[in-house]
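Residue strings, one per chain:
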Amino acid sequence: MPMPSRWNGWMTMATMVEMYCSSHHDTSGDLCADCEAFLDYAEVRLDKCPYGEQKPTCANCPVHCYKPQYRARARQIMREELGGLARACNACHTQFLLN
């Protein structure tokens, strides 16, 4: 498991993968085998991050720890799930303003 200082990055990735798997692979609770394997890979890479306690976000990091196919998958998951969260947040905010 990642060190406490990297906990936020780990929790963000785990949450995004869970949301992605639920919405794209029709799962609830448990991850599908592919998403579980991806999350396991992400955990290993995070544990081996050369920046340790000063780890930047992956998007802002000069070192690319993920293999190209995993990096592309991480980008896809983050873009799709963060986009969905932003749309949901905007819809709630709009509803709040209308009331």
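These figures come from a predicted structure and were not determined experimentally. (Residues numbered from 1 in each chain as written. Predicted model: local features only at pLDDT ≥ 70, side-chain atom pairs only at ≥ 80, totals over all residues. Heavy atoms only, no water.)

Undergrad: Would you explain the nonpolar core in this entry?
TA: Buried together is how nonpolar side chains tend to be arranged in soluble globular proteins. In this structure, Met13, Val17, Cys35, Phe38, Leu39 and Tyr66 are the most contacted members of the largest nonpolar core, which totals 18 residues. Counting only elements with at least two residues in this core, the list comes to helix H1 (7–24), helix H2 (33–47) and helix H3 (68–98). Examining the composition of this core, we find that 7 residues originate from one element, H1, more than from any other. Those residues in contact with Val17 that sit more than four places away from it in its chain are Leu31, Cys35, Phe38, Leu39 and Ile77. (Core = buried A, V, L, I, M, F, W, Y, C linked by side-chain atoms within 4.5 Å. Buried < 20%, exposed > 50% of the residue type's maximum accessible area, 1.4 Å probe, protein only. Helix = DSSP H or I, 4+ residues; strand = E, 2+ residues; numbered from the N terminus. Contact = heavy atoms within 4.5 Å.)

Undergrad: It is not clear to me how the side chain of Glu81 should be interpreted in this structure. Could you clarify?
TA: The residue Glu81 is located in helix H3 in this model. Given the relative accessible area of 8%, Glu81 is considered buried. Within the structure, Glu81 has its side chain in polar contact with the side chain of Ser23 (distance 3.3 Å). Ignoring sequence-local partners within four residues, the contact set of Glu81 consists of Met16, Met19, Tyr20, Ser23 and His24. (Polar contact = N/O pair within 3.5 Å; in protein donor to acceptor, adjacent residues only side chain to side chain.)

Undergrad: Which parts of the structure should I look at to understand the packing of aromatic side chains?
TA: The geometry of an aromatic ring pair comes down to the distance between the two centres and the angle between the two planes. Counted by the stated rule, this structure contains 4 aromatic pairs. Measuring from ring centre to ring centre gives 6.3 Å for Phe38 and Tyr66, while their planes differ by 80 degrees; the resulting arrangement is edge-to-face. Taken together, the residues Phe38 in helix H2 and Tyr66 in the loop between H2 and H3 connect sequence positions 28 residues apart. In this pair, the class of Phe38 matches that of Tyr66, namely buried. (Phe/Tyr/Trp six-rings, centres within 6.5 Å; stacked < 30°, edge-to-face > 60°.)

Undergrad: Could you clarify how one ought to interpret unusual backbone geometry in this entry?
TA: Most peptide bonds take the trans form, and the phi angle of most residues other than glycine is negative. Despite not being glycine, Asp26 has its phi angle at roughly 50 degrees, a positive value. Within the secondary structure, Asp26 is located in the loop between H1 and H2.

Undergrad: I would appreciate a short explanation of H2 in the present structure.
TA: Quick reminder: α-helices carry 3.6 residues per turn. Residues three or four places apart thus point the same way. Compared with the 21 Å implied by 1.5 Å per residue over 15 residues, the 21 Å span of H2 between its first and last C-alpha is a close match. Those residues of H2 not exposed but buried are Cys35, Phe38, Leu39, Tyr41, Ala42, Glu43 and Leu46. (Expected span 1.5 Å × (residues − 1).)

Undergrad: Please explain the layout of surface pockets as it appears in this structure.
TA: Any empty space left between atoms is shown by rolling a water-sized probe over those atoms. Put simply, the largest pocket is a space of about 770 Å³. If you list the elements that add at least two residues to the lining of the largest pocket, you get H1, H2 and H3. Per-element accounting of the lining of the largest pocket gives the leading share, 6 residues, to H3. Looking at the lining of the largest pocket, its residues break down into 15 nonpolar, 6 polar and 6 charged. (1 Å grid on protein atoms, 1.4 Å probe; cavity = no way out; pocket = protein on both sides within 12 Å on 5 of 7 lines; lining within 4 Å. Points joined across faces, edges and corners; volume = space filled by probe spheres on them. Nonpolar A, V, L, I, M, F, W, Y, C, P; charged D, E, K, R; others polar.)

Undergrad: What's the story with the environment of His64 in this structure? I'm lost.
TA: Mapped onto the fold, His64 is located in the loop between H2 and H3. Of the residues examined, His64 reaches a relative accessible area of 43% and is grouped as partly exposed. Among the polar contacts listed, one links the side chain of His64 to the side chain of Arg71, at a separation of 3.1 Å.

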